[in-house]
Amino acid sequence: MNAKVILVTNQKGGCGKTTLAVNLAGVIGINSKVLLIDGDPQGSASRWAVSCSDDKPFLAAVMSLANVTDKVNREIKKYLADYDYIFIDCPPAIDNNFTASALLIADLALIPVIPSPTDLWAALGIQKLIRNTSEINEKLQARLVANMCQSNATISKEALELINEFEYEKFETNIYQRTAYRQAAAFGGTVMDLDNPKAKLEITALINEIKKIL
Ligand SMILES: Nc1ncnc2c1ncn2[C@@H]1O[C@H](COP(=O)(O)OP(=O)(O)OP(=O)(O)O)[C@@H](O)[C@H]1O
Ligand SMILES: [Mg+2]
């Protein structure tokens, strides 16, 4: 095995990094060997995954590297041979070295964005870091994913124009604002354990898109 490394990152807080990292890792974990690395000292991903019940175990291995600030890429490298996919939940700040170091070994930087102008402006900053890293790590790809879309409206024209300003494409799949995502966090599972077919469909569609480009 030689794991594909997917870094879920955006310096903007609260855009859904942990929600997507945990759901993607747990759902891909149904059929593949997955490691979820918590890079955030807040420890949300670790706490989420340990709050699941014994009859519905979380289907990815979970570990925290939040205390490793230097050469995170070397630490991650140790696990490449043991997994098909490694997901990394990044902290909101990008000035603490964790994200920069982990990007060196990533195949994909997945950038969740809430499609509103203020959130999109805040996300622009990560591009420079990814661009600089791409010079060293040539395999690195980056994609945006719209999260917390409102079900009664498509992405606004203003937001779409801003998304088009990014150097990176957006995944076609949009993730909508749904209570299932909050519920999944509360019981330590993924949307696959909940009765919300639309959430299951969109997470599965996003996974298919991710697999296609890796
Ligand atoms: N698609 C969604 N639908 C509904 N609620 C969502 C969705 N995505 C995220 N949330 C909720 O929004 C809040 C922020 O999400 P999350 O913690 O995943 O963001 P984050 O980017 O990891 O935040 P931080 O920067 O603090 O680490 C949480 O309460 C989460 O349950
Ligand atoms: Mg988080």
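First things first, this report covers the structure right here in the doc.

How each quantity is defined
- Residues numbered from 1 in each chain as written.
- Chains lettered and ligands numbered in written order.
- Predicted model: local features only at pLDDT ≥ 70, side-chain atom pairs only at ≥ 80, totals over all residues.
- Core = buried A, V, L, I, M, F, W, Y, C linked by C-beta atoms within 7 Å.
- Buried ≥ 20, exposed ≤ 12 C-beta atoms within 10 Å, placed from the backbone.
- Helix = DSSP H or I, 4+ residues; strand = E, 2+ residues; numbered from the N terminus.
- Contact = placed C-beta atoms within 7 Å.
- Pairing = 2+ DSSP bridges.
- Axes fitted to C-alpha atoms, helices over the stretch in contact; angles between N-to-C directions.
- Near = placed C-beta within 6 Å.
- Nonpolar A, V, L, I, M, F, W, Y, C, P; charged D, E, K, R; others polar.
- Right-handed = clockwise from strand over helix to strand, strands pointing away.

### Considering the nonpolar core
Logical step 1: The biggest cluster of nonpolar side chains holds 63 residues, and the ones touching the most others in it are L7, L36, I86, F87 and A102.
Logical step 2: Considering each element in turn, this core owes the most residues, 7 residues, to helix α1 (residues 17-28).
Logical step 3: Once you skip the residues sitting within four places of it in the chain, F87 turns out to touch I6, V8, A21, L24, A25, V34, L36 and I37.

### With respect to the sheet that holds strand β1 (residues 4-8)
Logical step 1: Spatially, β3-β2-β4-β1-β5-β6 is the arrangement adopted by the 6 strands of the open sheet, whose pairing is parallel. Looking at which strands have only one partner, the edges of the open sheet turn out to be β3 (61-64) and β6 (141-146). Within this sheet the neighbouring strands show an average axis-to-axis angle of 20 degrees, counted without direction.
Logical step 2: In this structure, strand β2 (residues 34-38) lies alongside strand β4 (residues 85-89), joined through 5 bridges in parallel fashion. Counterpart to V34 in the pairing with β4 is Y85.

### Details of the site of ligand 1
Logical step 1: Near ligand 1 you find 18 residues, and of these G13, K17, T18, T19 and P92 are the closest.
Logical step 2: Taken together, the residues of the shell around ligand 1 break down into 6 nonpolar, 8 polar and 4 charged.

### Topic: the pairing of β2
Logical step 1: When you tally the buried positions in β2, you get 5 out of 5 residues, the bulk of the element.
Logical step 2: Neither face of β2 is left uncovered, since the one carrying V34, L36 and D38 and the one carrying L35 and I37 both have all their residues buried.
Logical step 3: The handedness of the β2 to β3 crossover, carried by helix α2 (residues 44-50), is right-handed.

### Brief notes about the pairing of β4
Logical step 1: Most of β4 is tucked away, with 5 of its 5 residues classed as buried.
Logical step 2: In β4, alternate side chains face the same way, and those of Y85, F87 and D89 on one face and I86 and I88 on the other are all buried.
Logical step 3: Two elements, β1 and β4, share 5 bridges in a ladder whose sense is parallel. Opposite L7, over in β4, you have I88 as the bridge partner.

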